[in-house]
Amino acid sequence: MNADDPVVSLEGIGPALADKLAGLGVERVADLLWHRPLRYEDRTRVASLASLRPGLHALIVARIEHAEIRHGRRRSLLVSLTDGSGRLRLRFFHFGDRQVRALQAGGWVRAFGEARAGPQGLEMVHPEYRVVADRGAGERVAPTLTPVYPATQGLTQARLRHLVGQVLAMLERPGFLPDPLPAEIRDDRGLPDLHEALRTIHAPPPEADPAALAAGTHPAVRRLAFEELVAHQASLRARRRALQALQAPPLRPDGGLLRRFHAGLGFEPTAAQRRVIGEILADLAHGRPMLRLVQGDVGSGKTVVAAAAAVTAAEAGWQTAFMAPTELLAEQHYASLSAWLAPLGVPVWLVTGRRGDAEAAAAMAGGEPGVAVGTHALFQEGAGFGRLGLTVIDEQHRFGVHQRLALRDKGTGDAGMPHQLIMTATPIPRTLAMSAYADLDTSVIDELPPGRTPVTTVAVPDSRRGEVVDRIAAACAAGRQAYWVCTLIEESESLAARAAEATAEELAQALPAAQVGLAHGRMKADAKERAMRAFKEGRIDLLVATTVIEVGVDVPNASLMVIENAERLGLAQLHQLRGRVGRGDVESHCVLLYQPPLGEIARRRLAVLRETADGFEIAREDLKLRGPGEVLGRRQSGAVAFRVADLLRDADLAPAAQAAADRLLTAHPEVVDTLAARWLGADRRYADA
Ligand code: ADP
Ligand code: MG
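Residues numbered from 1 in each chain as written. Chains lettered and ligands numbered in written order. Predicted model: local features only at pLDDT ≥ 70, side-chain atom pairs only at ≥ 80, totals over all residues. Heavy atoms only, no water.

Colleague: Explanation requested: the overall build of the protein in the structure shown.
Modeller: Counting its regular elements, the protein contains 26 helices and 22 strands. Going through the 689 residues of the protein one by one, you find that 53% of them count as buried. Looking at the protein as shown, the accessible area adds up to about 29,100 Å², and 50% of this sits on carbon and sulfur atoms. (Helix = DSSP H or I, 4+ residues; strand = E, 2+ residues; numbered from the N terminus. Buried < 20%, exposed > 50% of the residue type's maximum accessible area, 1.4 Å probe, protein only. Areas by Shrake-Rupley, 256 points an atom, 1.4 Å probe, with all protein chains shown as cover.)

Here you go:
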């Protein structure tokens with residue numbers, strides 16, 4: 001028997017049971033060992049009745065004082081017990097004659113269950129129990145805490161325990177499941193070896209802390225979490241090494257074009273922008289591909305930074321592919337890049353699913369040094385680059401990790417890989433970034449351009465909608481523009497679209513002097529684009545939209561943002577939406593309209609938004625409220641679908657896991673494969689994405 005054999009090779013497992021186990025994620029023999037108990041029961045000692053408390057699960061042995069059937073609202077069998085220290089009542093609603101005969105006064109019972117407060121003192125409802133001959137006969141206890149596993153219909157705890165026990169016993173066999181982590185790496189962190197950890201998790205000694213084991217804070221669980229983090233980081237970093245072993249064109253022009261670019265901007269880059277541009281230029285100068293993630297809050301000016309990289313590539317004679325998640329955003333980048341780059345003589349092409357431009361295609365294929373801006377169509381619709389030197393991916397949290405990795409493989413043939421610049425407006429704490437983006441270098445734009453007036457945020461119940469409409473009227477009368485965002489609970493774009501249509505009509509009637517426009521995901525792309533363009537050009541005063549506008553749209557004259565049903569959105573999304581205003585020099589406001597009553601989490605979220613505009617601060621709060629899987633985006637869950645590790649709980653392990661991953665890659669590369677196979681599953685996510 002091998003740890004990697006399918007579970008059917010275990011004794012007593014047929015296809016039906018194997019199916020059920022597969023439903024729990026257990027496919028190979030060793031998977032049973034990664035199936036962690038939800039909680040533990042303490043059957044290692046007999047508790048005295050006096051020591052019971054409501055909510056406590058306990059094993060007891062006691063004598064029956066009295067048993068009777070009550071015919072109240074519900075017929076029930078009540079069995080009163082004593083052990084000399086105290087009393088307890090067992091209560092059964094379902095019982096048969098045999099049970100009644102067996103539970104006679106004077107007999108002894110051994111029972112396991114949860115004590116609860118009943119009408120007359122503590123009771124256990126439907127405990128597991130057995131009638132025993134006497135007190136002594138009941139005192140045989142379990143040698144270890146009893147695990148309670150996530151189970152499924154038709155698969156009992158007893159069965160699962162038996163199966164896990166079978167595999168635990170196999171750990172004795174030499175070579176069955178060797179510990180992939182060398183002792184020197186474990187010892188650094190004081191972590192137990194693999195076998196000890198697994199035994200502690202599935203068969204904890206009586207003195208182990210069951211709460212810590214269940215919560216994952218126990219060293220035995222942390223040991224597995226650490227191994228899992230090492231596995232992920234080692235795979236990502238192996239990819240990184242492989243990519244960096246490839247060639248990329250060194251982009252090392254003399255910088256004259258970049259100086260002209262800066263001079264033509266009409267504003268001074270912030271110190272943070274200058275620093276990040278410097279980091280990028282240093283990467284580009286090398287003959288190995290840059291792999292850099294730029295994190296910068298909404299409005300921090302990431303586009304200019306990417307444009308500087310593109311100008312450098314162009315000056316060196318290479319092309320840039322600039323990818324945005326939506327057509328709207330691609331359009332916007334196209335507009336800004338054209339304005340900045342055309343005067344320098346660098347061509348900018350727009351490539352979306354709809355816009356095929358033969359001339360542009362020919363120029364791109366011919367290798368003319370320019371910038372192609374587009375959606376994923378850039379890589380899908382046969383767009384050919386003659387001399388691709390740099391790819392830029394904007395708003396990367398909108399793309400999945402698979403997409404991100406797949407893009408990398410659009411190499412340039414003889415010239416090797418293009419350099420890669422990835423930008424995200426979802427700032428995440430460093431330790432989380434270390435795990436999720438272990439394959440990337442990161443730069444942070446931690447400063448907003450000057451002259452931004454902070455957005456004042458208020459939360460207003462929907463009953464005061466009328467006042468909000470008055471505010472819009474005032475803003476529009478003053479020549480300013482406003483957004484009104486409609487959201488719905490299921491995130492169904494079609495329902496939200498209908499809500500937006502209805503709201504737009506309602507607001508058009510309430511605001512006769514204002515031009516009201518509409519933008520949602522169900523509109524024809526060009527109609528949506530027309531509305532957005534009209535809004536950008538100031539021909540629309542109020543734009544009613546769904547969350548399609550969340551990503552990156554830049555209209556500096558918009559100074560009022562109303563978000564309906566704000567209580568339903570996550571912090572990150574609210575922050576992104578709010579980031580659409582406060583981009584000009586007028587004072588901006590964000591109104592979070594909510595439907596009372598607010599739940600506790602929604603209340604906290606809205607409070608966080610009122611109190612801070614700092615994306616990192618908001619991300620930290622978001623992490624506390626939602627957990628890392630969601631913070632990184634559902635589509636990215638490929639990167640964070642951890643089995644044991646919890647990126648928040650185990651954040652402190654991330655730096656050590658990264659160091660360990662690098663050590664393994666250098667000193668024990670063979671172990672990295674074992675780890676990847678164990679933790680990243682059959683698809684080997686990063687290894688061959
Ligand atoms: P984001 O980081 O959210 O993508 P953008 O790149 O869209 O931000 O920039 C937001 C706005 O700020 C744009 O209008 C951009 O031209 C402007 N901007 C960027 N950098 C500066 C700066 N250093 N000074 C003034 N305005 C800037
Ligand atoms: Mg942007």
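That covers the picture; the talk isn't over yet.
Colleague: Can you walk me through the site of ligand 1 in this structure?
Modeller: Around ligand 1 sit 17 residues, and of these Gly-299, Lys-302, Thr-303, Arg-452 and Asp-554 come closest. In this structure, a nitrogen atom belonging to ligand 1 sits 2.9 Å away from a side-chain N or O atom of Gln-273. Interatomic distance of 3.0 Å between a backbone N/O atom of Gly-301 and an oxygen atom of ligand 1. Taking 560 Å² as the accessible area of ligand 1 by itself, protein coverage stands at 86%. Using a 2 Å cut-off from the grid points, one finds that ligand 1 occupies the second largest pocket. No other element matches helix α11 (residues 302–315), which puts 3 residues into the shell around ligand 1. Here the shell around ligand 1 is composed, by residue class, of 5 nonpolar, 6 polar and 6 charged. (Near = heavy atom within 4 Å. Polar contact = N/O pair within 3.5 Å; in protein donor to acceptor, adjacent residues only side chain to side chain. 1 Å grid on protein atoms, 1.4 Å probe; cavity = no way out; pocket = protein on both sides within 12 Å on 5 of 7 lines; lining within 4 Å. Sits in = over half its atoms within 2 Å of the grid points. Nonpolar A, V, L, I, M, F, W, Y, C, P; charged D, E, K, R; others polar.)

Colleague: When you look at the packing of helix α9 (residues 256–264) against α11 in this model, what are you seeing that I'm missing?
Modeller: Relative orientation and spacing of two packed helices are given, respectively, by the angle between their axes and the distance between those axes. The geometry of α9 relative to α11 is characterised by a closest axis approach of 8 Å and an angle of 145° between their N-to-C directions. Our pair here, α9 against α11, has a crossing hand that is right-handed. Note on element contacts: α11 touches α9 through Val-304, Ala-307, Ala-308, Val-311, Thr-312 and Glu-315, opposite Gly-256, Leu-257, Leu-258 and Phe-261. When its residues are assigned to classes, the contact of α9 with α11 shows 7 nonpolar, 2 polar and 1 charged. (Axes fitted to C-alpha atoms, helices over the stretch in contact; angles between N-to-C directions. Left-handed = near helix turned anticlockwise from the far one by under 90°. Contact = heavy atoms within 4.5 Å.)

Colleague: Just checking my understanding: could you explain the pattern of salt bridges for this structure?
Modeller: Side-chain pairing between opposite charges can occur once the charged atoms of the two side chains come close. For the structure on display, the rule yields 31 salt bridges. For the salt bridge of Arg-28 with Asp-31, the shortest nitrogen-to-oxygen distance reads 3.9 Å. On the basis of relative accessibility, which here comes to 5%, the residue Asp-31 falls in the buried class. Two residues, Arg-292 and Asp-283, come together in a salt bridge whose shortest N-O distance is 2.6 Å. (Salt bridge = Lys/Arg side-chain N within 4 Å of Asp/Glu carboxyl O.)

Colleague: How should I be thinking about the pairing of strand β12 (residues 348–351) in this particular structure?
Modeller: The two faces of a sheet get side chains in turn, since along a regular strand they alternate between them. Covered by surrounding structure in β12 are Val-348 and Leu-350 together with Trp-349 and Val-351, the residues of both alternating faces. For β12 and strand β13 (residues 371–374), the ladder comprises 4 bridges, and the chain directions are parallel. Directly across from Trp-349, in β13, lies its bridge partner Ala-372. (Pairing = 2+ DSSP bridges.)

Colleague: Would you mind going over the environment of Met-434 with me for this structure?
Modeller: Here Met-434 is to be found in helix α16 (residues 430–436). Overall, the relative accessible area of 11% leaves Met-434 in the buried class. On a C-alpha basis, the gap between Met-434 and Ala-654 in space is 6.5 Å, while along the polypeptide they are 220 residues apart. With residues near it in sequence (within four places) discarded, Met-434 still touches Gln-233, Ala-654, Pro-655 and Gln-658.

Colleague: Just to check I follow, could you spell out helix α6 (residues 194–202) for this structure?
Modeller: Spacing of three or four residues puts side chains on the same side of an α-helix, whose turn is 3.6 residues. The buried count for α6 comes to 7 of 9 residues, which makes it a mostly enclosed element. Among the residues making up α6, those that are buried are Leu-194, His-195, Ala-197, Leu-198, Thr-200, Ile-201 and His-202. The backbone nitrogen of His-195 has a side-chain oxygen 3.0 Å away, supplied by the residue at the start of α6, namely Asp-193.

Colleague: Hey, could you run me through the sheet that holds strand β3 (residues 75–82) in this one?
Modeller: Whether parallel or antiparallel, the strands of a sheet pair through hydrogen bonds between backbone atoms. Strand order across the open sheet formed by 7 strands is β6-β7-β4-β3-β2-β5-β8, with mixed pairing between neighbours. Every other strand in the sheet has two partners, leaving β6 (116–118) and β8 (128–132) as the edge strands with one partner each. Looking at each pair of strands side by side, their axes are set apart by 45° on average, direction ignored. Taken together, the 5 bridges between strand β5 (residues 108–114) and β8 define a ladder with antiparallel strand orientation. Residue Val-109 lies in a different strand from β8, and its bridge partner there is Val-131.

Colleague: I'm lost on the nonpolar core in this one. Help?
Modeller: Nonpolar side chains in soluble globular proteins tend to end up buried together. Within the largest apolar cluster, 63 residues are counted, with the highest numbers of intra-cluster contacts made by Leu-21, Leu-32, Leu-177, Leu-198, Phe-226 and Val-230. Going through the elements one at a time, α1 (15–23), α2 (31–34), α4 (157–170), α6, α8 (219–244), α25 (654–667) and α26 (669–679) are the ones with two or more residues in this core. It is α8 that contributes the most residues to this core, 9 residues altogether. Apart from residues no more than four positions distant in its own chain, Val-230 is found in contact with Leu-181, Ala-657, Ala-660, Ala-661, Leu-664 and Leu-675. With 41 residues, the next largest nonpolar core counts Phe-261, Ala-310, Leu-337 and Val-371 among its residues. (Core = buried A, V, L, I, M, F, W, Y, C linked by side-chain atoms within 4.5 Å.)

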